[in-house]
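Now for the letters of each chain:
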Amino acid sequence: MRRQLDLRTAKRHPMATERYNAREAEARWQAAWTKTKVFETDNDDPRPKYYVLEMFPYPSGRIHMGHVRNYSMGDVVARFKRAKGFNVLHPMGWDAFGMPAENAAMQNKVHPKSWTYQNIATMRGQLQSMGLSLDWSREFATCDLEYYTRQQRLFLDFLEAGLVTRRQSKVNWDPVDMTVLANEQVIDGRGWRSGALVEQRELTQWFLKITDYAEDLLTALDGLDRWPEKVRTMQKNWIGRSEGLRIRFEIAGNHAPAGQRTVEVFTTRPDTLYGMSFLALSPDHPVVKALAADNPDLAAFVDECHRMGTSVAVLETAEKKGFDTGLKVVHPFTGETFPVYAANFVLMDYGTGALFGCPAHDQRDHEFASRYGLAIRPVVVPDGVDPAAFSVADAPFLDDGRLVNSDFLDGLSVPDAKEAVARRLESVTLDGAPAATRQVNYRLRDWGISRQRYWGCPIPIIHCDDCGVVPVPKADLPVALPDDVEFDRPGNPLDRHPTWRLVDCPRCGKPARRETDTMDTFVDSSWYFARFTAPDADDPTIPAVADAWLPVDQYIGGIEHAILHLLYSRFFTRAMKATGHVSLEEPFRGLFTQGMVVHETYKAPDGSWISPAELRIEETEGGRRAFRLSDGAEVTIGSVEKMSKSKKNTVDPTDIIESYGADTARWFVLSDSPPERDVEWTDAGAQGTNRFLQRVWRLVTEAAAVIPPAAGAAPRSPEATALLKAAHKALAAVEESIEGLRFNVALAKIYELVNVLGSTFANDKARFQADPSFGPAFREALGILVQVMAPMTPHLAEECWSALGRDGLVALTPWPAVEPALLVEDEVTLPVQINGKKRADVTVPRDADAAAVEAAVLALDAVVKALEGKPPRKVIVVAQRIVNVVA
RNA sequence: GCGGACGUGGCGAAACUGGUAGACGCACGAGACUUAAAAUCUUGCGCCGCAAGGCUUACGGGUUCGAGUCCCGUCGUCCGCACCA
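Cut-offs applied
- Residues numbered from 1 in each chain as written.
- Chains lettered and ligands numbered in written order.
- Predicted model: local features only at pLDDT ≥ 70, side-chain atom pairs only at ≥ 80, totals over all residues.
- Heavy atoms only, no water.
- Helix = DSSP H or I, 4+ residues; strand = E, 2+ residues; numbered from the N terminus.
- Buried < 20%, exposed > 50% of the residue type's maximum accessible area, 1.4 Å probe, protein only.
- Contact = heavy atoms within 4.5 Å.
- Areas by Shrake-Rupley, 256 points an atom, 1.4 Å probe, with all protein chains shown as cover.
- Lys, Arg positive; Asp, Glu negative; His and termini not counted.
- Charge placed at Lys NZ, Arg CZ, Asp CG, Glu CD.
- Salt bridge = Lys/Arg side-chain N within 4 Å of Asp/Glu carboxyl O.
- Core = buried A, V, L, I, M, F, W, Y, C linked by side-chain atoms within 4.5 Å.
- Axes fitted to C-alpha atoms, helices over the stretch in contact; angles between N-to-C directions.
- Left-handed = near helix turned anticlockwise from the far one by under 90°.
- Nonpolar A, V, L, I, M, F, W, Y, C, P; charged D, E, K, R; others polar.
- Near = heavy atom within 4 Å.
- Polar contact = N/O pair within 3.5 Å; in protein donor to acceptor, adjacent residues only side chain to side chain.
- 1 Å grid on protein atoms, 1.4 Å probe; cavity = no way out; pocket = protein on both sides within 12 Å on 5 of 7 lines; lining within 4 Å.
- Points joined across faces, edges and corners; volume = space filled by probe spheres on them.

Caption draft 1: How the structure looks around the overall build of chain A. Within chain A one finds 28 helices and 36 strands. If one aligns the C-alpha atoms of chain A with their principal axes, the spans along those axes are about 110 × 90 × 65 Å. A total of 887 residues make up chain A; the buried ones form 52% of that total. Restricting to contacts in chain A with at least 6 residues of sequence separation, those with at least 24 account for 71%. For chain A, the accessible surface area stands at approximately 40,000 Å², while carbon and sulfur atoms represent 51% of it. Of the charged side chains in chain A, 102 are positive and 120 negative, and the gap between their average positions amounts to 3 Å.

Caption draft 2: Focus on the pattern of salt bridges. Summed over the entire model, instances satisfying the criterion amount to 51 salt bridges. Of the charged contacts in the structure, one is a salt bridge between D495 and R501, with a shortest N-O distance of 3.6 Å. Classification of D495 by relative accessible area gives partly exposed; the value is 40%. When salt bridges with common partners are traced through the structure, they connect D216, R570, R574 and E586 into a single cluster.

Caption draft 3: Summary view of the nonpolar core. Of all hydrophobic cores here, the largest spans 180 residues; its most connected members are W447, Y528, F572, W681, I750, F778 and L782. Once you skip the residues sitting within four places of it in the chain, W681 turns out to touch M65, V597, V598, H599, M643, V651, I656, A665, F668, V669 and A686. Listed in part, the 46 residues of the second largest apolar core include V379, V381, V421 and L430.

Caption draft 4: Region of interest: the packing of helix α4 (residues 99-108) against helix α5 (residues 112-129). Between α4 and α5, the shortest axis-to-axis distance is 8 Å and the interhelical angle comes to 115 degrees. Judged by the sense of rotation from one axis to the other, the crossing of α4 with α5 is right-handed. Note on element contacts: α5 touches α4 through P112, W115 and T116, opposite P100, A101, E102, A104 and A105. Counted by class, the contact of α4 with α5 contains six nonpolar, one polar and one charged residues.

Caption draft 5: Just the protein's contact with RNA strand B, in detail. Neighbouring RNA strand B are 51 residues, the closest being K320, Y350, R364, R742 and R881. At 3.3 Å from a phosphate oxygen of RNA strand B is found a side-chain nitrogen or oxygen belonging to R443. Grouping the amino acids of the surface near RNA strand B by side-chain chemistry returns 19 nonpolar, nine polar and 23 charged.

Caption draft 6: Looking closely at empty space enclosed by the protein. Applying the stated criterion across every chain, the model contains four cavities of 30 Å³ or more. Taken as a whole, the second largest cavity encloses approximately 130 Å³ of empty space. Taken together, 16 residues line the second largest cavity, and the ones lying closest to its centre are R79, A790, P791, V810 and A811. For the lining of the second largest cavity, the secondary-structure elements that each account for two or more residues are α3 (65-83) and α26 (794-803). If one sorts the elements of the lining of the second largest cavity by residue count, α3 sits on top with four residues.

Given below as structure tokens:
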């Protein structure tokens, strides 16, 4: 079969070569790179550094196309920067702790550790088959004892530095995973991993004090100019800074619960104080709790609020409900009294858990007041509107305007009124203290890191009945996970291990108990980028080395980590600075969030999803139809969606690499779509890519066989110059596009170059003999082609490099220098517009002045005809661009 | 509801700071080679029109010699946040 094919090819193409055999060549070049340790990075290399990093994967079992895209992009940058003379750090590791390993343990009776390390072995092999230029000598997994020991040390350092606290708090409890979730891990009221409805529980938890850095994390966002605006906005909103006033209200009469003479609220609208008509407390507010103790109706109301879920559906439809506590508070300026409600829409963990209601200027207060028949009194009216004619009965007025009905505030703008109220209340004394203080409030909460799981980094703490909470002395680290654990029941296996938790108190020596909570896995990924700089160091980092490598120059990953991982890592870097492990604040100088790989979906007649591998597609003029291979049944072609196991619209990278080769997969995921957008995987596209790579191979090998060896320097003929111009223009364009991470554009420029070289080769072979400058020019152009392709298709590039008879590895060859003279044309062809419409072209010398261009244009037939003998009203000449004649 | 991004052929897209709209790829059509198919090569391909020519960057206005690009409005899509006082 093979032989027959070759004979036929040979018949028509005397110089024909074998088809490029990706499988064979890729394995060979990967072995060559490994053998010569091309991608192992030396910390002492004096060249300028460049740290490129892709978000490390969770070892779920197999890599998917999303990984292929992510790592292909990073590899292009790494290989390009290496060729540009940088000392490149491009490491890889595994985000290896987490729930799925425990789920596997429960379902398949396999230990989380062996499950994880087996997956890592499989996925490492898959990544290696992609030919990524990674420094595998620095590889680690976060579940390696060597890694999490250092993480425990960081935790203890943070504890000493006051960056860790332990407190009781209401937590999001995932009843399926039986663990606590951070707010960020609750999506639409459900656990981000299990999808179970989250419950509220009171637990004692460990927290990292990220709120200490709220202001800094916010303001520093402005300096991250190489981050997507979108991500910065999301973080800004997440931190949620707001400036306002804490105001204390006096409780009227003697009805207040013991010790409570005032209630404090937080407001960002102190200007609307004269529009107040009630005060609302969270159901969890201490005053409400105290009152509920001897008020069964109020207690019932509080219970009802707790039962209300937190899901979006519930919240959106939930009506504002309140319970009149019977308390009254005194208005600080007017002395009027207002009712105090417990209300379901007031959150205990924002501000003070209490607010004053101003229905005229707040949507929620408006709804609440309408329901309970409370006064709705406007105190701000739009400029130029008659206050008497202004109504807020139907909707609150939320914009800026002019104060009315507000005594000393009347006539002021909203900002001025806020300031005036703040000043006045600060000087009013209530119960021995100012009635109000200015406050900046953040939506950001401290980061609860306790997880009631086995497969995570143990929190290095010991609980002693006498000494209380005692940190594990650093000399006693690591606190290693025990291997002998059972997963026959839900909950935390560490908690029911017979001996692991039993330990003597390091302080008093009496029997004590280990903390059995482990850390949120987001802790693991908050400093791995620093550990890569010195993966074998005894300390978490070698500060001088970390400082030399960091920040990561280009970080690439999915948008799904826009808040969680990236915000935690920014905090962690600050905390590591505070504890002397690094001396910078921002870990990621450049951030790029790549789009997903999507694919068509297919449905069988019975409604079940069908995978692309189980069907064939027929393409006709009329459209596309799909049929199931097993029985020929017609399959409905559905929408294009993110690849997912549930919809079966996945393509396994290994299948692609085995049939087309890694270079085809790499090239395809970089082509067509801009990298930040989704790319649709199609088999037709993959075949097209493969055809193109074969074409390049054919061009290089056939040309190499024909081009005569160089025989001395000859002056460049116009044809040789034209060829080199095409090559150097492509070179410059590819370079610029890769710098800007516009891989799809870089690829288009390479296609153009191949088209030029291909047609020149096909049509002008005789010139190799006639023109002594043509062969060398063609050879140089092919060399440039191979080098600009090398970051994307490194294996094919090496194979071509060697076919061209060049020395060494492309991977070690410096990026070719652009010859600037080849980028400029002697003549330029300018489009000529008449009244803004293109009517002709004019070719003039590159350095022709405006007058000469104008003269040439006015002599054109089309222009003469259009002007009908009259002089032009105006002629606009834009150098090197365009000419517009206004008739 | 609030905030943000985007809207260009059959499809993915390109277009430097306002200067030839549709590069490049996919799909498709025609042709060559072949007994045939695959592969390969040549060629066509925004829309209307036989042509000359006209129209065209979601839609409607505006600024400009000139607008995909800038401004205003409308419609649509996607994403993020969401009782945050």
